[in-house]
Amino acid sequence: MDLHALLAEASTILDAAVEPFVAGHRADSAVRKKGNDFATQVDLAIERQVVAALEAATGIGVHGEEFGGTPVDSPWVWVLDPIDGTFNYAAGSPMAAILLGLLHEGEPVAGLTWIPFTDDRYLAVAEGPLMKNDVAQTPLNHTRLADTLIGVGTFNAGSRGRFPGRYRLAVLEKLSRVSSRLRMHGSTGLDLVYVADGILSCAVHFGGQVWDHAAGVAQVRAAGGTVTDLLGQPWTPESRSVLAAAPGAYGEILEILRSAGRPEDY
């Protein structure tokens, strides 16, 4: 596969989705999902539009957040989140993006993150570099947590599951003792690409699915960063958490996570 040619096709297709994305800002919930999650009609329309165009242009199937599609374990598959940060989008916040990753045998080999409200377009293939608005970005430098912004995922302190709310609070407390610059953007994809771009030193997300992660995993790695799950295990499409960080910061943040103890103890 010519990854650069595939990204050129995908870029044109995502560009065509920007107009309906912007026009639908503040769209109401249309489809209720698990918990307090939902999708808007814009999510559904953009996914249909992008899936049809991608499959016609590249011959590679797509797995989307809203409708599923080609199995994620296929040899080649696009994974699409038509609106990452849907609650932000519906509320009128500009912190929302279109995420598109390309998996080959389960490995993210390319990623695109389009942020229409800031007019930023990020893309990368696995070997790098990270491209922002058609300009190659410099690789990530060695970074200390105390000197930087840290992105963290949203959560409910009373929630249960694999990473209970009290465990998440303990992690945030420990992080806050190292840096008072924690940021909660409400979009996994934005946090990951901001790590790749050096805006954040790291991103800690206690959940998510492959369509939330894949584009950003490819981008962070292309920029010279490290991505695993929160336990420090290699990221895979089955991972339900993600830890992404610049050189130096990754070791610091992993030590903080481990010092919080085991999630099951909470």
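Residues numbered from 1 in each chain as written. Predicted model: local features only at pLDDT ≥ 70, side-chain atom pairs only at ≥ 80, totals over all residues. Heavy atoms only, no water.

1. So, the sheet that holds strand S5 (residues 76-84)
Pairing within the open sheet is mixed, and its eight strands lie in the order S4-S3-S5-S6-S7-S8-S9-S10. Two strands bound the open sheet, and with one partner strand each, they are strand S4 (68-69) and strand S10 (135-136). Examined bridge by bridge, strand S3 (residues 62-64) and S4 share two bridges and lie antiparallel to one another. Looking at the pairing, Gly64 lines up with Gly68 of S4. (Pairing = 2+ DSSP bridges. Helix = DSSP H or I, 4+ residues; strand = E, 2+ residues; numbered from the N terminus.)

2. With respect to the domain arrangement of the protein
Per the domain assignment, the segments making up the protein are domain 1 (3-136) and domain 2 (145-265). Between the C-alpha centres of domain 1 and domain 2 the distance comes to 21 Å. Taken together, the contact pairs 35 residues of domain 1 with 24 residues of domain 2. Summing both partners gives a buried area of about 2,100 Å² for domain 1 against domain 2, and 66% of it is carried by carbon and sulfur. On the domain 1 side of the contact with domain 2, Met95, Pro108 and Leu130 bury the most area, a combined 25% of that side's loss. Across the domain 1-domain 2 interface, the total number found is two salt bridges. Between Arg221 and Glu107 there is a salt bridge whose closest N-O contact spans 3.2 Å. The tally of links between domain 1 and domain 2 comes to nine residue pairs in polar contact (both at pLDDT 80 or more). At the level of elements, S3, S5, strand S6 (97-104), strand S7 (107-115) and strand S8 (120-125) are the ones that each hand at least two residues to the side of domain 1 that touches domain 2. Ranked by residues supplied to the side of domain 1 that touches domain 2, first place goes to S7 with eight residues. Among the residues making up the side of domain 1 that touches domain 2, the classes are represented as 21 nonpolar, nine polar and five charged. (Domains from an automatic or database assignment. Contact = heavy atoms within 4.5 Å. Buried area = accessible area lost by both parts, 1.4 Å probe. Salt bridge = Lys/Arg side-chain N within 4 Å of Asp/Glu carboxyl O. Polar contact = N/O pair within 3.5 Å; in protein donor to acceptor, adjacent residues only side chain to side chain. Nonpolar A, V, L, I, M, F, W, Y, C, P; charged D, E, K, R; others polar.)

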